[in-house]
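Structure at a glance
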Amino acid sequence: AQSVAQPEDQVNVAEGNPLTVKCTYSVSGNPYLFWYVQYPNRGLQFLLKYITGDNLVKGSYGFEAEFNKSQTSFHLKKPSALVSDSALYFCAVTSLGSSNTGKLIFGQGTTLQVKP
Amino acid sequence: NAGVTQTPKFRILKIGQSMTLQCTQDMNHNYMYWYRQDPGMGLKLIYYSVGAGITDKGEVPNGYNVSRSTTEDFPLRLELAAPSQTSVYFCASSYSMRQGREQYFGPGTRLTVT
């Protein structure tokens, strides 16, 4: 069965410091991995994805993520955090099974708090 | 661009009442999804559709029904509302998942059943 784990409920960082939000996954077959961000009372917004190719993927708002196949991880990173990055972050995974519907499995979410 | 729109934004239902949550997308996406979001639980897939006339169950379909008569619309029907259906509901759409295309989400409907 497919699953995603985000081991930290909350991550606290100071503005200007680097940030990491962790994600590990379990799928059969090659994974498609996604990061989404949710601001209060809003829907989810797509940040970035890994499909194939370079293990380091760059996305919106200066975020990037590194795919590590041996550790089955896809951690979200940003070199310098902003207060406006404070939000709820979701990791999601899918893989192409026989049905080819690619249903996304979401982690439980990590709240990022960036303090001035 | 409107993207994915959902109505209503908020609703309070009494136990046993029914309602339909509306979802419309203007991106000509074939794939549409309904999720519910409960605190600390991430998003759970309720139903999905791979095109007009085709729907299928997700992880948590009990108590819900869907239909997909057009590419644009994917309403979610709650029959006999129960307190366990108190949640935030999100509709999403995507062009395809074959190439790992991302999903686009609506703003959500916050439903309370009392």
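Our structure is the block above this text.
Now for a quick tour of the structure.

Rules and cut-offs
Residue numbers run consecutively from 1 along every chain, following the written order of its sequence. Following the order in which they are written, the chains are lettered starting with A and the ligands numbered starting with 1. Selection of residues for local features in this predicted model requires a pLDDT of at least 70, selection of side-chain atom pairs for listing and counting requires 80 or more, and totals for whole chains, interfaces and linings are taken over all residues. Hydrogens and waters are ignored; side-chain quantities use all the structure's heavy atoms. Helix and strand definitions here come from DSSP, where helices need a minimum of 4 consecutive H or I residues and strands a minimum of 2 consecutive E residues; each element is numbered from the N-terminal end. Buried, partly exposed and exposed residues are distinguished by accessible area as a fraction of the type maximum, computed with a 1.4 Å probe on protein chains only: under 20%, between the cut-offs, and over 50%, respectively. Throughout, a residue-residue contact means that at least one pair of heavy atoms, one from each residue, lies within 4.5 Å.

1. As for unusual backbone geometry
Here the amide bond leading from B:Thr7 into B:Pro8 is cis, since omega sits at -5°, within 30 degrees of zero. Within the element layout of this structure, B:Pro8 appears in the loop between strand E1 (4-7) and strand E2 (10-13). The phi torsion at A:Asn41 lies on the positive side, around 60°, for a residue other than glycine. By the secondary structure assignment, A:Asn41 is in the loop between strand E5 (31-38) and strand E6 (44-50). We classify A:Asn41 as exposed; its relative accessible area is 67%. A positive phi is found at A:Thr72, a non-glycine position, where the angle reads about 45°. On the secondary structure map, A:Thr72 appears in the loop between strand E8 (64-68) and strand E9 (73-78). Taking relative accessible area as the criterion, A:Thr72 reaches 31% and is therefore assigned partly exposed.

2. Structural notes on the environment of B:Val66
Residue and element names in this part refer to chain B. Mapping Val-66 onto the fold places it in strand E7 (residues 64-66). A C-alpha to C-alpha distance of 7.2 Å links Val-66 and Tyr-47, two positions 19 residues apart in sequence. Apart from residues no more than four positions distant in its own chain, Val-66 is found in contact with Trp-34, Tyr-47, Thr-55, Phe-74, Pro-75 and Leu-76.

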